[in-house]
Amino acid sequence: MNKATIILTFVFSFVFTQDVQLSIDNINADVGYLEIRYSSDQQISGFQFNITGLNIESVVSNLDFVEFSSNSGFILGYLGPSGYLPTSENGVLSSIVFT
């Protein structure tokens, strides 16, 4: 990805402690796209992380509210009326478009 360094710091809100595994997948530097995927045996109500080394254009998640800052790389997602992200072995936490 043009030697860009991606640093992710994740904060999840859960009712109980459990294992969550995250991965970066479907990276396409030519079109500026990547996915953050998760594996969790509990529903996810929100997330927060920073990505450095990329200029973020947009962020999409199945959570109702997603906010991001192109300048800082800060990304925040949290639940609304539609509820939680479901338990999954390979769910998409967020899709990110970048330059």
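Please refer to the structure placed before this passage.
As a starting point, this report considers the structure included with it. (Residues numbered from 1 in each chain as written. Predicted model: local features only at pLDDT ≥ 70, side-chain atom pairs only at ≥ 80, totals over all residues. Heavy atoms only, no water.)

Here's the deal with the overall build of the protein
Thought 1: What the protein contains, in helices and strands, is zero helices and eight strands.
Thought 2: Helices and strands in the protein line up, N terminus first, as β-β-β-β-β-β-β-β.
Thought 3: Classification of the 99 residues of the protein by burial places 33% in the buried group.
Thought 4: Long-range contacts, defined as pairs at least 24 residues apart, comprise 61% of the intrachain contacts of the protein with a sequence gap of at least 6.
Thought 5: Here the protein has roughly 5,800 Å² of accessible surface; of this, 48% comes from carbon and sulfur atoms. (Helix = DSSP H or I, 4+ residues; strand = E, 2+ residues; numbered from the N terminus. Buried < 20%, exposed > 50% of the residue type's maximum accessible area, 1.4 Å probe, protein only. Contact = heavy atoms within 4.5 Å. Areas by Shrake-Rupley, 256 points an atom, 1.4 Å probe, with all protein chains shown as cover.)

Here we look at the side chain of S88
Thought 1: Mapped onto the elements, S88 comes out in strand β8 (residues 88-98).
Thought 2: Within the local environment of S88, its side chain forms a polar contact with the backbone nitrogen of G91, the two atoms lying 2.8 Å apart.
Thought 3: Filtering out sequence-adjacent residues up to four positions away, S88 remains in contact with Y38, S39 and S40. (Polar contact = N/O pair within 3.5 Å; in protein donor to acceptor, adjacent residues only side chain to side chain.)

Overview of the environment of I27
Thought 1: With respect to the helices and strands, the residue I27 is situated in strand β2 (residues 20-28).
Thought 2: For I27, a relative accessible area of 43% corresponds to the partly exposed category.
Thought 3: C-alpha separation for the pair I27 and I96, spaced 69 residues apart in sequence, amounts to 9.6 Å.

Details of the nonpolar core
Thought 1: Of all hydrophobic cores here, the largest spans 16 residues; its most connected members are F49, I51, I75, L93 and I96.
Thought 2: Secondary structure elements with two or more residues in this core: β3 (33-40), β4 (46-50), β5 (56-60) and β8.
Thought 3: Setting aside its immediate chain neighbours within four residues, I96 contacts G32, Y33, L34, I36, F49, I51, I56, S58, V59 and I75. (Core = buried A, V, L, I, M, F, W, Y, C linked by side-chain atoms within 4.5 Å.)

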